[in-house]
Amino acid sequence: MRPDAIVAGFMLGTARQAPRLDGALASGIAADDPAAALKLLALAGQALRFSRPSAPPAFDDVAGVADTRRILSPPARRLLLRLVTGKGGSADDAAARAVAHAIARLRLRPHPFDLPRLGGFVRKFAEQLGPAALEWATRGDGEARPAGYFDADEVGPDTWTLATPARKAGYIAGLRKTDPAHARTLIAAQLVNERAEARARLIGTLVIGLGADDRALLESLAADRAPRVKDIALRLLARLPGTAAAEARIADIVSRIATAKAGLLRRRTTLKLQLPANIREHQAPAWLAETFSAVGLGQIADALGLPPADLVEAARDDRHLPVGLAFAACIDRHFDELRTICAGPLPDGWTTFLDQGLEAFGLADAADRAAWASATLNPAAWQMMPGAWQAEALQQQLVDGLPPAVAAELLDSPAWRGGTQGAGTQGEWVTPIAALIPAALLPRLRERLAALPPETNGRALLLTELLSLLERHANEDPA
Amino acid sequence: MLSIEKIEALAPDQSSLAAARKLLKPAGWPTLAEDGAGLVWGECQGSGATPYRVALTEADAGYKCTCPSRKFPCKHALALMWMRVEATTPFAPGSPPDWVSDWLGRKRGPSAAAKPDADAPPKARPSVAALGEDAEADAPDPAAIARAAQQRDRNRAQREALIGEGVDALDRWIADQLERGLAGFDQRAQAECATLARRLVDAKAGGLANRVEQLPGLLFAIDEAHRGAVAAQQLATLHLLASAWRRQDRLPAALRADLRQMIGWTIGRDALLADPLAVKAAGRWMVLATVEEVQPDRLRRIETWLARTGGDEESPPFAVLIDFVPVSTGSTGNAFAPGEVIDATLVFHPSPVPLRALIAAQTGGSMADEDWQPAAADLDAAWAGYQSALAQRPWLGEWPIAARDVTIRSAGGRLFAVGGTLALPLAPQDADSAAPLLDAGVIGLFGLWDGQALRPKFAGTALGRWTA
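All figures in this text were calculated on a predicted structure; none of them were measured in a lab.

S.K.: I would appreciate a short explanation of the nonpolar core in the present structure.
M.R.: If you look at soluble globular proteins, the nonpolar side chains tend to sit buried side by side. In terms of nonpolar packing, the biggest core is built from 101 residues, with Val99(A), Phe121(A), Phe292(A), Leu338(A), Trp372(A) and Leu470(A) touching the most fellow members. With nine residues, helix H16 (residues 321-331) of chain A is the single largest residue contributor to this core. Ignoring sequence-local partners within four residues, the contact set of Leu338(A) consists of Ala326(A), Ala329(A), Cys330(A), Phe353(A), Trp372(A), Ala375(A) and Thr376(A). Within the second largest apolar cluster, 47 residues are counted, among which are Ile6(A), Cys193(B), Ala232(B) and Ile263(B).

The following block contains the structure:
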């Protein structure tokens, strides 16, 4: 008998089925041996341990992903693992976001052997870490993708409909900049296949190059069954001059602004915004954002018969109107007026934007966000460094980092120098703020970090070291 | 800077200082080095298979040691500080190895919480001067030594008898399981194995007890269709051990010594170094894998797998260093990392296939830059090596498989190591970590074969080194 047949014979139990003592293995066992079953088991078990495991009839054909990005250098691999895994590591904070963004910008990729260890980090930032990481992260998600789908670093006309909602929106946003009409046609065709979240993202891209030609599509979506989609469509419609929604929104805003004259020698116009009676103080920012993010500063100025600069000046003494005008200035990119507002009545205005998210004001691409940062952030005037939440939120909105001039100003600011000494602060801002500093200023950042207490600067120093390594590696000759 | 007064202030108690003083001999420290800027590190050979690694920053007396002691600082850290203060032992200049740099990278500044409580009642501080008083008490008493030896012999005979009863109980239990049938064994294994393990612990057969207690976990880790066959193989091995125990006088000396270790006899470091059966092998060894596992007896088993990369070609090609640390002390991690190379003399536990070893003397170590490739052998040759080892040691456990020209391929949702005429299935729990090897082409692979599946641990590939 074969060893596996002998073992199978023991499954039912020797009480029911006595072991058969025939064959080569049982040849040395006497039939009346009281330990016959044990001996037979030992021999069969041992024989099985000698046998070669059976091979499958055929192996899968696995086509690898053609990833042309450069693999991280060994020192960078070690630092990345330490930064996003293990003790004190995090795969989803400002440092991790900054590293993922740098890897994407420099066209690098994690070593394939590190993907399982980097687990959460790869899943979170797969789209930035290259095709191989994306293929690894989407394994087993049930989506069928055509051969070669992952080979291209960016999605294209043939593959964008198979991508994740964020990648789809990214592709359409890029197309809107060069060919808005074609992008709109693609959106209209794809909407029926998408869930609410993806529909909202796609419609949100219409803010780029928004024009009268988009009106028909937006009006068709104004009755969408998903409230979020409907809301976005109505907001965009309100930005189109001449639409009923836009006229109504402007009329509503103007009706709430009271005009007066002030000053004894030199009479000047002053404006005051009357909030709706049912809006309490803590609800004001949200109401202002909702109301003023649908119209541009120029439209309000036209309706009030004032140049934009005069409008800002007239509103400076009001408690709420500068906030609303700051939001509206973002909508039609009146960044000079925005700078005036933030330098004057609204020094911490940037935090109000973060509460709503910059997308709400149509700041979709890196250039717009950099212009917003230059207009709103004035670190030299800060009394103290931002809190942990504000710093994290700022970094989340500015993944490309601060404009160099703002970053340099920040590193030399009095607030940085006294940053960890204020009451109630333990330096939680250090890592997210360090993640905002652009590559060119990394040496200066390292000097500033070294001067901070060691219990606050560890992660930021690690991040700085890793970012420097990435920059150096990307600039080296591949040969 | 460090001083004797500072060491006294840091020492948790007088006994720590006394223990540290015994470690001041440089012979017990295979590595003592410094970077010239206040960073000092060393390796201290303790009673375990692997040396403890100690690092120290002189400026703030920060320290780190891999030993499982609950005292902070431990005797190893105190001894290193002490040697530094005495300045009679040379410290080799060098750049810090990875394990020191890694600690330094994670090290926090001095903690405010460490400051002594001014309101606490004063207590006697440990003192170096006080150590002189204890030294005379160490003189041995010949009569006491003789009494202890007699007592040991009595205990040994008593234990032999108890183990004999234990293995008889084990055989009865296996026969009982066969009578009831192995088809449902997995369902009743938890309770039945726990009962038998307690009986074997009472019989002083700790090795057998651990093996029995681990059986249910082993079965539940595999798919249901194969549990019956695996249970049969495990029970067969247990019966082999029981039968061999009864006939141990007729076994070759090395196999008998191996058997006794499997049953639960332990052999101390000094006894092993003096054992004529123990193979000694000097050479260059590369760390290929570290494995940590918590045993049912609440000990953490830490295995360090080494491959010989230089030295005597006749000596064993692989070795495993095994240390046990109580789980309650918290995870200490392994002192070695895959890829490290050590120059050392290993002494192997007596066995027909020497594998388990400890470091008898270490002369150096570093992180290897080169990639590892197994000695010229394909998967078929490695399999033949496994079969040969199994023939010589029938209760063989995990066995190192190392082969060149291996590819990792998938079929039916499982991964296989394919080479020559063989396809070894990889353990399902390693599928995620080994998946990148699917694209790595032809590799040199090291893994541990447990009789059912291969656990890949280390690979040399065109993309560099892969570790599990």
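S.K.: Which parts of the structure should I look at to understand the state of the cysteines?
M.R.: Two cysteines whose sulfur atoms are joined by a covalent bond form what is called a disulfide. Tallying each qualifying case throughout the model produces zero disulfides over all chains. Unpaired in terms of disulfides, Cys342(A) finds its nearest cysteine sulfur in Cys330(A), a separation of 8.4 Å. There is no disulfide at Cys44(B), and the cysteine sulfur nearest it, in Cys65(B), is 7.7 Å away.

S.K.: What's the story with the environment of Ala462(B) in this structure? I'm lost.
M.R.: All names here are of chain B. On the secondary structure map, Ala462 appears in the loop between strand E15 (454-461) and strand E16 (464-467). By relative accessible area, which is 76% here, Ala462 ends up exposed. Each C-alpha atom, one on Ala462 and one on Val442, is 8.1 Å from the other, the two residues being 20 residues apart in sequence.

S.K.: Whenever I open this one, the interface of chain A and chain B confuses me. Can you help?
M.R.: The accessible area lost on association of the parts is a frequent measure of interface size. In this complex, chain A contributes 39 residues to the contact, which on the side of chain B involves 60 residues. Summed over both sides, the interface of chain A with chain B buries roughly 4000 Å², with 61% coming from carbon and sulfur. When residues of chain A are sorted by the area they lose upon contact with chain B, Arg49(A), Phe59(A) and Phe113(A) head the list and together hold 20% of the total. Taken together, the connections running from chain A to chain B amount to one salt bridge. For Arg52(A), the salt bridge is made with Asp380(B), and the minimal N-O distance between the two is 3.3 Å. Linking chain A with chain B are 16 residue pairs in polar contact (both at pLDDT 80 or more). Of all the elements in the fold, those that place two or more residues in the side of chain A that touches chain B are helix H2 (36-50), helix H5 (115-125) and helix H25 (454-475) of chain A. At ten residues, H2(A) tops the list of elements feeding residues into the side of chain A that touches chain B.

S.K.: How do you make sense of the packing of aromatic side chains when you look at a structure like this?
M.R.: Between two aromatic rings, the relevant description is the distance of the centres plus the angle of the planes. Residue and element names in this part refer to chain B. Enumeration according to the criterion identifies 16 aromatic pairs over all chains in this entry. Each ring, one from Trp173 and one from Phe185, has its centre 6.0 Å from the other, and the planes form 75 degrees; the classification is edge-to-face. Taken as a pair, Trp173 in helix H6 (residues 142-180) and Phe185 in helix H7 (residues 185-202) lie far apart in primary sequence, twelve residues in all. What makes Trp173 buried here is its relative accessible area of 10%. Phe185 gets classed as buried once you look at its relative accessible area, which sits at 0%. Measuring from centroid to centroid gives 5.4 Å for Trp383 and Trp449, while their planes differ by 80 degrees, and the two rings are edge-to-face. Of this pair, Trp383 sits in helix H12 (residues 379-392) while Trp449 is found in strand E14 (residues 443-449), placing the two residues 66 residues apart along the sequence.

About the thresholds
Residues numbered from 1 in each chain as written. Chains lettered and ligands numbered in written order. Predicted model: local features only at pLDDT ≥ 70, side-chain atom pairs only at ≥ 80, totals over all residues. Heavy atoms only, no water. Core = buried A, V, L, I, M, F, W, Y, C linked by side-chain atoms within 4.5 Å. Buried < 20%, exposed > 50% of the residue type's maximum accessible area, 1.4 Å probe, protein only. Helix = DSSP H or I, 4+ residues; strand = E, 2+ residues; numbered from the N terminus. Contact = heavy atoms within 4.5 Å. Disulfide = S-S within 2.5 Å. Buried area = accessible area lost by both parts, 1.4 Å probe. Salt bridge = Lys/Arg side-chain N within 4 Å of Asp/Glu carboxyl O. Polar contact = N/O pair within 3.5 Å; in protein donor to acceptor, adjacent residues only side chain to side chain. Phe/Tyr/Trp six-rings, centres within 6.5 Å; stacked < 30°, edge-to-face > 60°.

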